[in-house]
Structure formats: C-alpha cells, structure tokens
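The residues making up each chain are set out below.
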Amino acid sequence: MNIAKKLLGSLFFLVLILSGYQSAQAQDINFNDSWSFFNEEAKGAEMANFDDSNWRKLDLPHDWAIEGPFDEKYNARCGGLPFHGTGWYRKHFKTPESAKGKVVRLEFEGAMYDAHVWVNGKFVGNRPYGYIGFEFDISKELKYDGSENVIAVRLQPQDLSSRWYPGAGLYRSVWLKIDEAVHVAQWGTYITTPTVTEKIAVVQNETTVVNKSDQKASVTVKHEYFAPNGEMVASVEEPIEIEANSSKVSGLYCKINNPLRWDTETPNLYSALTTITQNGKVVDTYKTRIGLRSIAFTKDGFFLNNKKIRFNGVCLHHDNGALGSAVYRRADQRKLQIMKDMGVNAIRTSHNPPSRVFLELCDELGLVVLDEAFDVWKKAKVPNGYNVFFEEWAERDIKDMVRRDRNHPSVIMWSTGNEILEQGDKKNGWKVAKMLNDYCKEIDPTRPTTVGMNNYTAPYESNFAQQTDIAGINYKPTKYAEIRETYPELPIYASETSSCTSSRGVYHLPIEKYKTHESIHVSSYDLIGPPWAYPPDVEFHFQEQNPYIMGEFIWTGFDYLGEPTPYGGKDNSTNGYWNGDWPSHSSYFGAVDLCGFPKDRFFLYQSHWTTKPMIHLLPHWNWEGMEGDTIPVYCYTNCDEAELFVNGKSMGRKVKGKDLTELIVKFIRYEGETFQSKYRLSWNVPYEAGTIKVVGYKDGKEILTEQISTAGEPAKINLSIDRSEIDADGTDLAYVTVRIEDKDGNICPMADNLVNFSVKGAGELIAVDNGNQISLESFQANHRKAFSGMCLAILRSSKNTGEITLTAKSKKLKSSQISITTK
Ligand code: GAL
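The structure displayed is predicted, hence computed values, not measured ones.

K.L.:
Looking at this structure, how should I read the layout of surface pockets?
P.N.:
In this approach the atoms are scanned with a rolling probe the size of a water molecule, which exposes any empty space left behind. When its volume is computed, the second largest pocket comes out at roughly 960 Å³. Lining the second largest pocket are 37 residues; nearest its centre among them are Pro598, His616, Arg739, Ile747 and Met790. When grouped by side-chain class, the residues that make up the lining of the second largest pocket number 16 nonpolar, 13 polar and eight charged.

Written as structure tokens, this is what we have:
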C-alpha cells in the first residue's frame, strides 16, 4: 500500500512538473514561443493567408510599451511610454496529433488591452479588460490534416485609459489545452475548508465537469489530497452522470487529520489531484494547490487560524519596473521577497486582478492578499478607462476573477473597487456596490468583500459602505476613532495609507515640507507627499491608538511606472496629460525604488514591522562645502536605544519611544503643523567629513552598528548578484546590483557614472535601470547611468546550461565582472 502511495505520489509530481503550476493539466501546451509581432494597424492581419513574414519574431511574455522610447507625447501619468495604439500578434503552428477528435482551447492569462482573437481567419472572441484571463474553444476552427494554423490577436490599448502604466501586449502566458470531450472546466475546481483546527481539516471540493459530447457521460470523479511532503493523506470519489453537451458539479468532502496549516510564517501547501475516469479510462487529471487555513474578520480584527494578525500591508501595481508588465516569475518572487524582508505580510493588488503567477508566489511566501477587481465602475476617472466596458463586462470580469483565484489560500478578501467615484452617489452608487458584492458572493461566499474608500463621510451616508463586508479606509488616520464610534459594529482596516514620496539617496536641506522641488526629485527625509499624504509615522501612531483596526496597506511598497506625483499632475482623477514636469514620469511613492533597491522608508517600516534587530542611518555623509552646517541625522531601528558618533565622538544616546523627532506634517483633516514621532531617532550634527556611526542597544547591550563614511572620488564598480545559480529555462532572471565606489569601497552617493555592460555565455542582458524617476534612458539599452551611486542589470537565462558572465565598464573606473551558473 505504502509503495503504491509513493508511486502515485511521484507520478503526481511528474504531472506537476510537466504541467507547470496551478490549474494546469497534463495536456496543456505552453504557447509562449514563436510569435510574430507588428506594432501598428495591419489591414487584413486577421486573415489566415496574410503575409507576416516581415514581422518581428519574439517569444512571450511581451510588453511592447516598455521598449519605449520615452516621449513627452505619451502621458507621463502612464510612464511616458507608448502604451496605446494597435499591436498585432500572430502565431503559426500545426495542430498536435494528440488533438484529433479532442476539445482544444486557447487560453490567454491576460492580454493588454481590448483583445480580439481570430483562428484561421475566423473571429473567435474578444476580451476588453487586460487584467483578466480568458479562453476560447477553438476545436472547430483548427485544421487536423497536418497543415498550418494561424492565431491572430489584435490589441488596442487606448490613450487616457489608465491612471498608471498598464503595459501593452501579450504580457502573460498563452496555453493550448487539449482535452477529451469530458473534462474539468476552466478554473473548474472550488476547494474550501469549512473547518480547520489543529486536529482536523474538512475539505470541500466542488468540481465542474464538462461533457462536450452528444452522449450522456457516466464518469467517476476522484480527488486525492497530498501533504506538503508529497504523501497522499486523503482520497474520495463518486460516480456522476453528465447530460450531453452540458456540465455538472460534483461536490465531495473529506477530512485531513492533523493538518499542517497555511499561515504567513509557515505557508504549507497541499495539493488536490482530481481524476475523471470514464469507462475505466482516465479522461482528465486536474491539479489544484490549496492551503488549509481558517479566516475570520470581526470588529476587533482579522484572525488567521484563530490568531489575530495585523496587516503590515503594501499596495502594489503590477509592473516590474524595467521589465514593464511582462510576467516573469522571478521578478515577482524577488519583489515579494523584498517586501517580506521589510516586514510585509499582506498585499493589495491595486487596482486590478494580478497574474496567476503572482498569487502562486503569495501562496508560497505566506502573504495574505486583497484581490482587487477595478479602479473604476461606471463613473470615469479617465475618459477611456474601464468605465467604457463596465456595463457589458463587469459581471463577467469580476466573477472570473473570483472563480480563477478562489483556491488560493493567500486570497482573503475580494475588493470590488478602489476610490470609486460612485461612493457619494446616494441614488445609484450603493446599488452597483451591492451588485458587485453579490457577484463575488455567488462565486465564493467564504471570503468577505471590501472596497477602498477615500471620501469619508460620503460613502457611509450614501449607504455605499454598508454594501460591502469590510470597509476599507484610504488616508483617514485621524478619523478612525470617529468612524468606530459612529459604526461600532463595522470591521475596518486602512486600505491605503501614507502616500509619502521620495527619491532614493536624495536629501534636500534644510528639511522643509515643499510641494515640489526644482530637481524634480523628492527628499528622502520621508515627509513629503501630496495634500492627502502623511509620513508613515502618523499611520503607526493612529493604528496603535485604535488597535481594533486590522492594519494598513501603504501606498506603495515599490515604485511603479507612471503617476509621478507630486510632479506632473494635480490629483488622482485629473484627466489629460501629466507632462507639466517632464521628464518626471514614474512614481516616487515606493518604500523601494523601481530597481528593487530599498529607499530609507523601507527601513522605517522594517523598524516598525519586524523584530529581528536592525538599524539604519541617513542621510549620506558627503556634504562638501557645508562644513559646520547642521545636518539632521535620522536613525530607523527596532533597538531600544541608539547612540550616534561623529568621527568617534558621541552625539548622545537616544531612547526609542521616548526621544521624539519633530516632523513637519500637514495633510487634509490633520490639525496642527507638526508631529512628534517616536518612531525615528534623530540628531542635529555640525557637518565634518569623516564617518558617522550609530550603535544600537538592546537591554542595555550593544548589538548592532551601522556607519557611513564620506566617500572619495569614484574609483571602481562593484557588482553583486542576487543568486548564485538560476534555471536554464529561458525565463529565469538574475539581478545584478551595480555600485560606484571610491577606492576604499564606500558607495559614492552622488555618482552618476555611465556604466556599459556586456554579456557572454548562457544568457542575455534584458533590462537596465537605476530607479531615477526622471531618466529617459532606455530600459533596453546595454548601458545605464548610476543614480545616487547605483544601477541595475537584469540577466535572463537561455535554454542552455552554463555560465553567464556580465562585464561592467565605465570611463576612469576600475571595471568589474561577475558570473552566474545556469542549470
Ligand atoms: C490614491 C489612489 C491610488 C494612488 C494614490 C496616490 O488616492 O487610490 O491609486 O493614486 O492615491 O497617492
């Protein structure tokens, strides 16, 4: 029996390896390779015999907009990149032998934007919303005689259709799925855990089985559950009958003893293997990855497996900086890991459904997710936004999002929208809110719904807030107590907070709260932002004062392309172009810059959200010409005390929580002009070149130090790589951090040297960046200027194993080389 189990286990894992990840089936063929692309309208390109031999050949994922060039004529709000216009993709292929007589579906995990699809000249369907996946049954359109088929896809992203950089193209995976007439439907399993305790998990599995044949089908539906170590721990089956050309849901539950529960610290994942057998023959297998966990939301907080957890959350847009919106698993994995290192346990996918890969990673890393559907409903924020499609598509889109994502243990709430303009519309707003809420509940009653609301008190008075389970509050820390008092039963959390802005490594003195700065950058003393924004400290304070609040989602974890507030635009619903401060074109909101390099704010959050001792010092110590002037030095730490030394001389020891730092704070609904922060320590120090050093103490003992020295002239390039080995699969990435250092290895904080890259071996350079929001250099170039002493090179493996070697050179600097193995 044990041997049989083991065999089954390994067979199962073979199926997993063959089929990729969640919801993939054994017969799924990845269709990312060998597409032809044309970046303009092409008359007749939908026809099978259209000549595309001159078109560019490429593999997916592909985002044409990230290739640039940056231009003022594109909206800075959307990254100043050519994301609108028409793009065509065509793929030629022969139908696999195995597809004869089968059901063949073509699946797009997402296509940006307004996709229309033809197969062999026949229109098979369209899908406007770029963030949702869709599929078409193309069995009838395909040729099975060995001759060639052509898929043609036309995408038409519009100008003024987004408030941020959306990307453009077939930016997520495409699949060809071959099935018997009887098979599990798309996103066809729905696995819930009505009971999860330390001792037992009850697992409920509703699987939709499709019968596309003209005869009634008698089949057996079997589910086997595998523990994280691959051992089969439960199994259940039932016979069902499905009428011809219809589908049927099989509902089966079983018990798993002593479950290893999924949580943010130990994200244990189980798998369910669903097997459909007809006349003694296996006709379909379908794998679903699940986590056994319970969630509960009360007016006192959020509980995961009965344990109260506060959201140390971040809002994230979907782009990955220099890679644009193209989905690379490693890019998202790195992004989420950096967030975890900051102390993050929760993500809000602002303001759209994320990729499948993104949610798989959240499952794996133990991050809870607020899965968000829309940024707008019917009332437009920008003229050509989703509002254009809402009436026709909203039901389908939101239901598909819930259907697609409802097996992810990471997903804990469905957000039907962000700062929806219908919030205050007493007549109709609440009706739409209710409608979307009901759609979510119809597909998944196990999770609550939410909406991010920014117009307190309007949504409460218009009966809008009451249509969702959990009220999300954007930017109202000073109102928590009042909301609680007025609506004592409503569970609440802060769906968007802070919106503080900064440019990595940039410090403006003296510290003042300005709206904009002539450099088109923002100082990293972490207190500048638009009128609704405030420093992180303010949110920390009000969350502590109101402990029933479930936590916060900061705007944002990472910088993203577009929305360069406080430059270029007035607010988040201004129509028209945002090019007033060109070349500013990407966000300053991130705690981490576009490269993934932490800004100072990263450490402020880390000091508040993590307990492993850390200490961080700012600013840099290169203030030539300012000798004797006062420089404010800030320390972000979770130590009890910290002592600052300048060239060995103590500037005093400060106690965290007792010694306060006065911040200039001014934002909507805040009375007063300053805020005494107990979350940062600070000293005013007369500048002298040399070294500043901070010592951190815990329980009176010295446990950590951090120091910054005045750097000399740039002398060399230092390269470091994020991993020592990557997969030779043509999609894995290596991130190389480039630092410009003086001869002693100090980072040169103002260095902007141009670095030239060359790559040899089993991979290529696919993107460069430096996190500078105003740089118009191409992300695709083989060179990049440093910004605040750093830049980034991203390498992609080829399908050959071996070594990739990157050489970095710069005039007058000692060059450097680094290698990585691909396996
Ligand atoms: C919010 C909005 C976000 C972003 C942010 C910038 O109001 O929901 O999408 O625009 O402002 O502060």
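Still more to cover.
K.L.:
How should the packing of aromatic side chains be read in this particular structure?
P.N.:
One pair of aromatic rings is described through two measures. These are the centre distance and the angle between the planes. Inspection of every chain in the model, using the stated rule, returns 37 aromatic pairs. Considering the side-chain rings of Phe38 and Trp55, the 5.3 Å spacing of their centres and the 15° angle between planes classify their relative orientation as stacked. In this pair, Phe38 sits in strand β2 (residues 35–38) while Trp55 sits in the loop between β2 and β3 (56–58), placing the two residues 17 residues apart along the sequence. You can call Phe38 partly exposed: its relative accessible area is 29%. Pairwise contacts between aromatic rings join Tyr129, Tyr131, Phe374, Tyr386 and Phe390 into one cluster. Taking the ring centre of Tyr697 as reference, the NZ or CZ of Arg653 above it sits at 3.5 Å.

K.L.:
Sorry if this is basic, but what is going on with the sheet that holds strand β12 (residues 200–211) here?
P.N.:
Sheets are built from strands paired through backbone hydrogen bonds, the pairs being either parallel or antiparallel. Across the sheet, which stays open at both edges, the three strands sit in the order β11-β12-β15 with antiparallel pairing between neighbours. The open sheet has two edge strands with one neighbour each: β11 (182–196) and β15 (246–257). The sheet shows a mean angle of 15° between the axes of neighbouring strands, taken without regard to direction. In the sheet, β11 pairs with β12 via nine bridges, with the strands oriented antiparallel. Across the sheet, the residue bridging to Tyr190 is Glu206, located in β12.

K.L.:
When you look at the sheet that holds strand β4 (residues 87–94) in this model, what are you seeing that I'm missing?
P.N.:
If you trace the six strands from one edge of the open sheet to the other, you get β3-β2-β4-β9-β6-β7, paired in antiparallel fashion. Of all strands in the sheet, those bounded by a partner on one side alone are β3 and β7 (122–127). Across this sheet, the average inter-strand angle for adjacent strands is 25°, counted without regard to direction. With three bridges joining them, β2 and β4 adopt antiparallel strand pairing. Counterpart to Phe37 in the pairing with β4 is Tyr89.

K.L.:
Looking at this structure, I do not really get helix α4 (residues 387–405). What am I missing?
P.N.:
For an α-helix the count is 3.6 residues per turn, leaving residues at separations of three or four pointing the same way. Helix length check: α4, at 19 residues, gives a terminal C-alpha distance of 23 Å against a target of 27 Å (1.5 Å per residue), a shortfall beyond 12%. When the local axis directions of α4 are compared, the greatest deviation, roughly 80°, occurs at Trp393.

K.L.:
Before we go on, may I ask you to explain the UniProt feature "domain: Glycosyl hydrolases family 2 sugar binding" (unreviewed entry) in the chain in this structure?
P.N.:
Here the UniProt feature "domain: Glycosyl hydrolases family 2 sugar binding" (unreviewed entry) sits at residues 84–174. Regarding residues 84–174, the helix share stands at 0% and the strand share at 42%, and the terminal C-alpha atoms are separated by 21 Å.

K.L.:
Explain helix α5 (residues 429–443) here, please?
P.N.:
Relative to the 21 Å expected for 15 residues at 1.5 Å per residue, α5 spans 22 Å between its end C-alpha atoms, a close match to the ideal helical length. Of the positions making up α5, those classed as buried are Gly429, Val432, Ala433, Leu436, Asn437, Tyr439, Cys440 and Ile443. Buried residues along α5 cover an arc of 155° about the axis, so they all sit on one side. Each element contacted by the buried residues of α5 is listed here: β11, α4, β24 (411–418) and β25 (449–453).

K.L.:
Please explain empty space enclosed by the protein as it appears in this structure.
P.N.:
Within the structure shown, the criterion is met by seven cavities of 30 Å³ or more. Quantified by volume, the second largest cavity comes out at close to 190 Å³. Residue lining of the second largest cavity: 16 residues in total, with Ser161, Ser162, Trp164, Asp375 and Tyr386 positioned closest to the centre. Here the residues of the lining of the second largest cavity sort into nine nonpolar, four polar and three charged.

K.L.:
Looking at this model, I keep getting lost on the side chain of Asp405. Mind explaining?
P.N.:
One can find Asp405 in helix α4. A distance of 2.6 Å separates polar atoms of two side chains, one belonging to Asp405 and the other to Arg404. Discounting chain neighbours no more than four positions away, the residues touching Asp405 are Pro354, Leu359, Asp371, Val411, Trp414 and Arg447.

K.L.:
Teacher, can you tell me more about the packing of helix α2 (residues 329–342) against helix α9 (residues 600–609) here?
P.N.:
When two helices pack together, their arrangement is given by the angle between the helix axes and by the axis-to-axis distance. Relative to each other, α2 and α9 sit at 55°, their axes nearing to 8 Å. When the axes of α2 and α9 are compared, the pair comes out oblique. Seen from α2, the contacting residues are Ile338, Asp341 and Met342; seen from α9, they are Phe602, Tyr605, Gln606 and Trp609. A class-by-class count of the residues in the contact of α2 with α9 yields five nonpolar, one polar and one charged.

K.L.:
Looking at this structure, how should I read the pattern of salt bridges?
P.N.:
Oppositely charged side chains may form a pair once their charged atoms are brought near each other. Taken as a whole and assessed by the stated rule, the structure comprises 50 salt bridges. The salt bridge partner of Glu360 is Arg356, with a shortest N-O separation of 3.0 Å. Of the two residues, Glu360 and Arg356 both sit in helix α3 (residues 356–365), four residues apart, roughly one turn of that helix. Since its relative accessible area comes to 0%, Glu360 is described here as buried. Relative accessible area serves as the criterion here: at 17%, Arg356 is assigned to the buried category. With a closest N to O distance of 2.8 Å, Arg723 and Asp732 form a salt bridge. Each of Glu109, Arg289, Arg329, Arg356, Glu360 and Glu364 takes part in a single network of salt bridges with overlapping partners.

K.L.:
What should I look at first to understand the UniProt feature "domain: Glycoside hydrolase family" (unreviewed entry) in the chain in this one?
P.N.:
Following the UniProt record, the feature "domain: Glycoside hydrolase family" (unreviewed entry) maps to residues 717–818 here. From the first C-alpha to the last, residues 717–818 spans 11 Å; its make-up is 0% helix and 52% strand.

K.L.:
Could you clarify how one ought to interpret the pairing of β24 in this entry?
P.N.:
A regular strand carries its side chains on alternate faces of the sheet. Counted residue by residue, β24 has eight buried out of eight residues, so it is predominantly covered. Two elements, strand β23 (residues 368–372) and β24, share four bridges in a ladder whose sense is parallel. Across the sheet, Glu372 pairs through a bridge with Ser415, a residue of β24. The sheet contact formed by β24 and β25 spans four bridges and is parallel. In the strand pairing of β25, Asn418 is matched with Gly452. Following the chain from β24 across α5 to the adjacent parallel β25, one finds a crossover that is right-handed.

K.L.:
Please explain the state of the cysteines as it appears in this structure.
P.N.:
By definition, a disulfide links two cysteine residues through a covalent bond between their sulfur atoms. Scanning all chains against the criterion turns up zero disulfides. In this model Cys362 remains outside any disulfide bridge; the closest cysteine sulfur is found in Cys315, 13 Å from its own. Here Cys639 stays unpaired: no disulfide links it, and the sulfur of Cys635, its closest cysteine neighbor, is 7.6 Å away.

Conventions used here
Residues numbered from 1 in each chain as written. Predicted model: local features only at pLDDT ≥ 70, side-chain atom pairs only at ≥ 80, totals over all residues. Heavy atoms only, no water. 1 Å grid on protein atoms, 1.4 Å probe; cavity = no way out; pocket = protein on both sides within 12 Å on 5 of 7 lines; lining within 4 Å. Points joined across faces, edges and corners; volume = space filled by probe spheres on them. Nonpolar A, V, L, I, M, F, W, Y, C, P; charged D, E, K, R; others polar. Phe/Tyr/Trp six-rings, centres within 6.5 Å; stacked < 30°, edge-to-face > 60°. Helix = DSSP H or I, 4+ residues; strand = E, 2+ residues; numbered from the N terminus. Buried < 20%, exposed > 50% of the residue type's maximum accessible area, 1.4 Å probe, protein only. Lys NZ or Arg CZ within 6 Å of the ring centre and 35° of its normal. Pairing = 2+ DSSP bridges. Axes fitted to C-alpha atoms, helices over the stretch in contact; angles between N-to-C directions. Expected span 1.5 Å × (residues − 1). Bend = angle between axes of the 7 residues up to and from the residue. UniProt positions renumbered as here; feature names shortened; annotations may be inferred. Arc of directions from axis to C-beta. Contact = heavy atoms within 4.5 Å. Polar contact = N/O pair within 3.5 Å; in protein donor to acceptor, adjacent residues only side chain to side chain. Parallel < 35°, antiparallel > 145°, perpendicular 65-115°, else oblique. Salt bridge = Lys/Arg side-chain N within 4 Å of Asp/Glu carboxyl O. Right-handed = clockwise from strand over helix to strand, strands pointing away. Disulfide = S-S within 2.5 Å.

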